[in-house]
Amino acid sequence: MILISYDIKVYRKQLKEVLNEGDTVVELGCHVGNTSEIIAKNIKNGKLIALDNSPEAIPKMDILAKKYNNLKFISGDVRLHTTLEKVYKNLNKCDVLSVDLGGGYHPDTTFKVYFIWASLLKPKITLIRNRGLIDFVRSSKTEEVFESNEGWLESCGNEGIPPQIKEFELWSPKLNKNKKS
């Protein structure tokens, strides 16, 4: 299941509704941790890996990581292969992928980041907060039927990331081969 919202209250409400105590959650774009704290509280027996590359995130997220032993903060750019690789090597699974990058801005970047991370992590549920994506989805019509019942686009299978997305310098099968079982 993929849930798209823009209103932060709706986004956080949806998160609370889908989280289970033992979930492993990857949060892309945690900023100063207001949503991270909600996630950490709701997954008491789970694991949260929260990422952001803004300097103001570091001191606030460091405090939260000390407060919640199930929260790991990584200061990094989620568009970079090295960041994804660092997270992927520390995961056994991903139940929920939470993507909040730019709110109403950069729907193209938000979608590319979602696509790359979800294609590799294959979460059960994905939540995306971005007004541009909502506008696109609500304004679109198609005669073709593609259904994704998971939190990632399973119609893409395990094909990996197209090499045309050069700004991410990522090819997911490389990571899949390096994953230790």
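Residues numbered from 1 in each chain as written. Predicted model: local features only at pLDDT ≥ 70, side-chain atom pairs only at ≥ 80, totals over all residues. Heavy atoms only, no water.

Under an unreviewed UniProt entry, the chain has the name Fibrillarin-like rRNA methylase and belongs to Methanobrevibacter arboriphilus.

Novice: Report on the packing of aromatic side chains, specifying residues and quantitative values.
Specialist: By the definition in use, this model includes two aromatic pairs. Aromatic side chains Phe111 and Tyr114 sit 5.7 Å apart centroid to centroid with 50° between the ring planes, which places their arrangement in the tilted category. Of this pair, Phe111 and Tyr114 both sit in helix α5 (residues 107–121), three residues apart, which is roughly one turn of that helix. In this structure Phe111 comes out as partly exposed when scored by relative accessible area, which is 37%. By relative accessible area, which is 2% here, Tyr114 ends up buried. A centroid spacing of 6.3 Å and a plane angle of 25° characterise the contact between Phe111 and Phe115, whose relative ring orientation is stacked. Here Phe115 and Phe111 lie together in helix α5, a separation of four residues that amounts to about one turn. (Phe/Tyr/Trp six-rings, centres within 6.5 Å; stacked < 30°, edge-to-face > 60°. Helix = DSSP H or I, 4+ residues; strand = E, 2+ residues; numbered from the N terminus. Buried < 20%, exposed > 50% of the residue type's maximum accessible area, 1.4 Å probe, protein only.)

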